[in-house]
Amino acid sequence: MEDLMICGICGKEEMVEVVEPYHYTECGLSNIVLEGIRVRKCACCGNTMPMIPALSGLHHAIARDVIKKQGNLEPSEIVFLRKFLGWSGVDFARNMHSTSSQVSKWESGKVRMSTPTELLLREMVARGKKIDDCHSYDINHEETTVMHRRFQHLREGWKSAA
């Protein structure tokens with residue numbers, strides 16, 4: 001028998017558990033959807049609580065997906081990758097041979113990363129692993145539509161559900 005869970009927001013309703021896609025904005029990216037996970041929901045106030053297994057594995061899968069994308073990295077993706085690497089803004093600036101001011105401009109979208117700097121970040125995240133055909137990416141290509149990236153948790157871990 002499952003434990004009963006009362007909503008932590010309104011305290012009124014027993015939360016109902018469903019399996020459904022979950023828009024995972026907590027990671028800092030607006031286009032991540034998790035497929036087939038359990039989500040606890042409060043019918044009274046609408047509070048949702050995702051039950052995300054293997055969170056570290058999910059973040060690795062998202063990072064792999066982000067570094068392989070075509071087009072420039074978005075500011076939110078740069079922030080996600082910095083946090084994925086476990087770096088503060090100061091650490092990031094030092095490791096990217098840059099300044100904290102420049103990092104702030106990249107992460108706020110005031111300035112785009114140069115192509116070599118962006119490729120260095122992608123390679124740092126890949127940790128020495130080859131990024132397939134990275135040289136053929138046109139990273140100056142502007143994406144005009146926002147596509148949700150979907151991830152699914154399988155027995156062997158998180159995988160892109162494209």
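About the thresholds
- Residues numbered from 1 in each chain as written.
- Predicted model: local features only at pLDDT ≥ 70, side-chain atom pairs only at ≥ 80, totals over all residues.
- Heavy atoms only, no water.
- Pairing = 2+ DSSP bridges.
- Helix = DSSP H or I, 4+ residues; strand = E, 2+ residues; numbered from the N terminus.
- Axes fitted to C-alpha atoms, helices over the stretch in contact; angles between N-to-C directions.
- Parallel < 35°, antiparallel > 145°, perpendicular 65-115°, else oblique.
- Left-handed = near helix turned anticlockwise from the far one by under 90°.
- Contact = heavy atoms within 4.5 Å.
- Nonpolar A, V, L, I, M, F, W, Y, C, P; charged D, E, K, R; others polar.
- Buried < 20%, exposed > 50% of the residue type's maximum accessible area, 1.4 Å probe, protein only.
- Polar contact = N/O pair within 3.5 Å; in protein donor to acceptor, adjacent residues only side chain to side chain.

**Q** What is the right way to read the pairing of strand 2 (residues 32-41) from this model?
**A** Along any regular strand the residues' side chains alternate between the sheet's two faces. One ladder, built from seven bridges, connects strand 1 (residues 16-23) with strand 2; its direction is antiparallel. Bridged to Glu20 within strand 2 is Ile37. One ladder, built from four bridges, connects strand 2 with strand 4 (residues 149-154); its direction is parallel. Bridge pairing in strand 4 links Glu35 to Gln152. Where strand 2 lies against strand 3 (residues 48-51), four bridges are found, and the strand directions are antiparallel. Of the residues in strand 3, the one forming a bridge with Arg40 is Met49. With antiparallel pairing between neighbouring strands as the criterion, strand 2 and strand 3 make up a hairpin whose turn holds six residues, including Gly46 at a positive phi of roughly 85°.

**Q** Any chance you could explain the packing of helix 1 (residues 55-68) against helix 5 (residues 115-126) here in plain terms?
**A** The description of two packed helices rests on the angle between their axes and on the distance between the axes. In the contact formed by helix 1 and helix 5, the axes pass within 10 Å of each other and the chain directions differ by 150°. The orientation of helix 1 with respect to helix 5, classified from their angle, is roughly antiparallel. The chirality of how helix 1 crosses helix 5 is left-handed. Between helix 1 and helix 5, the residues in contact are Ala63, Val66, Ile67 and Lys68 and Arg122, Val125 and Ala126, respectively. Looking at side-chain class alone, the contact of helix 1 with helix 5 contains five nonpolar, no polar and two charged residues.

**Q** Please clarify how the side chain of Glu118 should be interpreted in this entry.
**A** Looking at where Glu118 falls in the secondary structure, it is placed in helix 5. The buried category is assigned to Glu118, whose relative accessible area is 1%. Within the local environment of Glu118, its side chain forms a polar contact with the side chain of Arg122, the two groups lying 2.7 Å apart.

**Q** Just to check I follow, could you spell out the environment of Arg150 for this structure?
**A** As for its placement among the helices and strands, Arg150 is situated in strand 4. Look at Arg150 and you get partly exposed, because its relative accessible area is 34%. Between the C-alpha atoms of Arg150 and Leu34, which are 116 residues apart in sequence, the distance is 5.8 Å. Within the structure, the side chain of Arg150 is placed 2.7 Å from the side chain of Glu35, a separation counted as a polar contact.

Bear in mind that shape data such as this cannot, by itself, settle questions of function.
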